[in-house]
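Residue strings, one per chain:
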Amino acid sequence: MNSELNGFRHKSLRVGDVKIHAVVGGDGPPLVLLHGWPQTWWEWRRIMPVLAEHHTVIALDLRGAGHSDCPQSGYDKASLAEDVHGAMVVLGFSRYAVCGHDIGAMVALALAFTHREAVTRVAILDAPMPGWSQWEANFADPMVWHFAFHMKRDLPERLIYGREFDYVSTFFADRTFNHGALPVEEVEIYARAMAQPGNTRGGLEWYRAFPVDHANALDWKRSPLTIPVLALGGDHRWGPKIVAMLEEFASDVSGGSIRDCGHWMAEERPAETADALLKFFAQ
């Protein structure tokens, strides 16, 4: 299946010592999209054309995923946020809005705290946040069993190797309400991306950085964000909790749940997700 998107161009950006892959299109105020695990920029494919009618859309592959580099270090969310900010500067944007999902949402929040001068608004889609008062308790949730597994050093790489499709397809299915949203051929795109040299380890390193991320976020939240924050989740996953969660980090939080939706919002409910984002970023 072709992972090209009409109207968008691919760019390879040198940010410090790493190459970051970006997909850029549209016109208007800049909006950067940050994907989750086990995904790439491709998770936004269904809403990027709609967003691009009003924004210059920049969908990145995070360090350790897709066509971006997979170095040995730099996977804590503050470092990933530096990659994102550096990429936006290379593209010529000093101020921009941010939307992140899953791990990308953690990076988006880190970016908003570490580059307050640059981030105008931030949307957080369906993810628990390091620094949240329920962060440690959240590890007991059966749906996040993978947190501890992915944080284990070396073993997950050995078990997943050669079984990327089996692992990824099960991971998607377990967190999906709308099971027609992710057909086999699209899951295969993510499995092939994970199977690229270095990418399995790179994505797992995002989880291994959680202790650092939690400590950083506890420090950041002492000075809450004052920019507008959209906290949005699927009603069958984080939607019922996400506004209260983000209110621990910011003073101006709106959002809630998208109905009949699991974790993969931009793919399960693309029209509703795009509409909510457009309304938020137009304000």
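One can find the structure itself at the top, above this paragraph.
Residues numbered from 1 in each chain as written. Predicted model: local features only at pLDDT ≥ 70, side-chain atom pairs only at ≥ 80, totals over all residues. Heavy atoms only, no water.

Examining the pairing of strand 6 (residues 119–125)
A regular strand places its side chains so that they alternate between the two faces of the sheet. Where we set the bar: When accessible area is computed with a 1.4 Å probe and restricted to protein chains, residues below 20% of their type maximum are described as buried, those above 50% as exposed, and intermediate ones as partly exposed. Note on conventions: DSSP H or I runs of at least 4 residues are helices, E runs of at least 2 residues are strands, and numbering of each starts at the N terminus. One bridge is not enough; two strands pair if DSSP finds at least two bridges between them. When the strands point away from the viewer, a crossover counts as right-handed if the route from the first strand across the helix to the second turns clockwise.
By the criterion of burial, strand 6 is predominantly enclosed, with six of the seven residues buried. Two strands pair when backbone bridges link them, and strand 5 (residues 96–101) and strand 6 are joined in this way by five bridges, in the parallel orientation. Across the sheet, Gly100 pairs through a bridge with Ile124, a residue of strand 6. Viewed along the sheet, the connection from strand 5 through helix 3 (residues 103–114) into strand 6 turns out right-handed. Pairing of strand 6 with strand 7 (residues 229–234), which is carried by four bridges, proceeds in the parallel orientation. Each bridged residue has a counterpart across the sheet, and for Leu125 the counterpart in strand 7 is Leu232.

Considerations on the pattern of salt bridges
Quick note on the threshold: In the sections that follow, a salt bridge refers to a side-chain nitrogen of Lys or Arg positioned within 4 Å of a carboxyl oxygen of Asp or Glu.
This structure, assessed with the given rule, holds 13 salt bridges. A salt bridge links Lys221 to Glu248, with the nearest nitrogen and oxygen atoms 2.8 Å apart. Linking Lys221 in the loop between helix 10 (210–220) and strand 7 with Glu248 in the loop between helix 11 (239–246) and strand 8 (253–258), this pair joins segments that are 27 residues apart in sequence. On the basis of relative accessible area, Lys221 is assigned to the buried category, the value being 18%. A relative accessible area of 24% places Glu248 in the partly exposed class. Two residues, Asp275 and Lys279, come together in a salt bridge whose shortest N-O distance is 3.1 Å. With Asp275 and Lys279 both in helix 13 (residues 270–282), this residue pair falls four residues apart, about one helical turn.

Things to note about helix 9 (residues 199–208)
Rule in force here: Contact between two residues is taken to exist if any of their heavy atoms lie within 4.5 Å; hydrogens are not considered.
Judged by how many residues are buried, helix 9 sits mostly within the fold: 10 of 10 residues are covered. Looking only at helix 9, the buried set comprises Asn199, Thr200, Arg201, Gly202, Gly203, Leu204, Glu205, Trp206, Tyr207 and Arg208. Residues of helix 9 that are buried in the fold lie against helix 2 (77–90), helix 3, helix 5 (145–151), helix 6 (155–160), helix 8 (184–195) and helix 10.

Observations concerning the side chain of His146
One can find His146 in helix 5. Assessed through its relative accessible area of 5%, His146 is described here as buried. Look past the residues within four positions of His146 in its chain and what remains in contact with it is Tyr167, Phe171, Arg175 and Tyr207.

Considerations on the packing of aromatic side chains
Rule in force here: A pair of Phe, Tyr and Trp rings is counted when the ring centres sit within 6.5 Å of each other, with Trp represented by its six-membered ring. The angle between the planes then sorts it: under 30 degrees is stacked, over 60 is edge-to-face, the rest tilted. The rule is short: NZ of Lys or CZ of Arg within 6 Å of the ring centre and within 35 degrees of the ring normal puts a charge over the ring.
All told, the structure shown has 22 aromatic pairs when counted by the stated rule. With a centroid separation of 5.4 Å and an interplanar angle of 80°, the aromatic rings of Trp41 and Trp42 are classed as edge-to-face. A single burial state applies to Trp41 and to Trp42, both of which are buried. Between the aromatic rings of Trp132 and Trp238, the centroid separation amounts to 5.9 Å while the plane-to-plane angle is 85°, which identifies the pairing as edge-to-face. Pair noted here: Trp132 is in the loop between strand 6 and helix 4 (135–138) and Trp238 is in the loop between strand 7 and helix 11, with a separation of 106 residues, a long-range link. As far as the burial class goes, Trp132 and Trp238 line up, both buried. Arg175 extends its terminal NZ or CZ atom over the ring of Phe171, reaching a point 3.9 Å from the ring centre. Sitting above the plane of the Phe249 ring, Lys221 keeps its charged end 5.0 Å from the centroid.

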